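Understanding the architecture of this molecule
Here is how the chains run, residue by residue.
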Amino acid sequence: KQAKQFFRENHLMQSGSGKTFGLYYYNELVCAIRIRNLKEKDYDISRFCCGIGYNVVGGFSRLLNYVENTLSMSSLRTFIDLRYGTGNYLPQFGFTKHKTYLSFKWVYRHNTYHRMKIPKNSGYDQGCYKIWDCGQAKYIKNYD
């Protein structure tokens, strides 16, 4: 419950899903990572952020290290929204950039819809327009 609220208040994409690991400062959650299981031993970092107003130096590496020691993983993946970051820090933690994806949202009047909510190009049939953004980069760390 606390993790869901933390991500809702501090992450651009809201709460996500998965198991949460966090760092506390004087009993206040200041940095958290959310890991979800994809299949068997393949996992995804669905969310990572620090609380608004906090910069936790080494927070990502501490949380990643704890997750790696807690979960038995074959692989761990994450996506970087290229509007807000580059992911250039990930290779130092063993991640490899695998692919960059184009990304867009459907827009109809004053409403926007995630690209996965409207199948293929059928948004055009519904009077929508595509708004392209900077895309996403996929990074993977293999443990085998």
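That block above? That's the structure.
The sections below set out a description of the structure shown in this document. Here the structure is a predicted model, which is why all the values come from computation and not from measurement.

**Thoughts on the environment of phenylalanine 7**
- Mapped onto the elements of the fold, phenylalanine 7 is located in helix α1 (residues 2–10).
- Between the C-alpha atom of phenylalanine 7 and that of isoleucine 33, which follows or precedes it by 26 residues, the distance is 9.3 Å.
- Aside from chain neighbours lying at most four places away, what touches phenylalanine 7 is Gln14, Ser15, Thr20, Ala32, Ile33, Arg34, Arg47, Phe48 and Cys49.

**Let's talk about α1**
- Listing the buried residues of α1 in full gives Ala3, Phe6, Phe7 and Asn10. Each buried residue of α1 lies within a common arc of 90° when the element is viewed along its axis, so the set occupies one face.
- At its buried positions, α1 is contacted by β1 (19–25), β2 (28–39) and β3 (42–50).

**What to know about the pattern of salt bridges**
- One pass over the full model with this rule turns up 5 salt bridges.
- As a salt-bridge pair, arginine 36 and aspartate 44 come within 3.0 Å of each other at their nearest N and O atoms.
- Here arginine 36 falls in the partly exposed class, since its relative accessible area comes to 30%.
- Look at aspartate 44 and you get buried, because its relative accessible area is 3%.
- With its nearest N and O atoms 3.1 Å apart, the salt bridge here joins aspartate 44 to arginine 77.

Calculation criteria
Residues numbered from 1 in each chain as written. Predicted model: local features only at pLDDT ≥ 70, side-chain atom pairs only at ≥ 80, totals over all residues. Heavy atoms only, no water. Helix = DSSP H or I, 4+ residues; strand = E, 2+ residues; numbered from the N terminus. Contact = heavy atoms within 4.5 Å. Buried < 20%, exposed > 50% of the residue type's maximum accessible area, 1.4 Å probe, protein only. Arc of directions from axis to C-beta. Salt bridge = Lys/Arg side-chain N within 4 Å of Asp/Glu carboxyl O.

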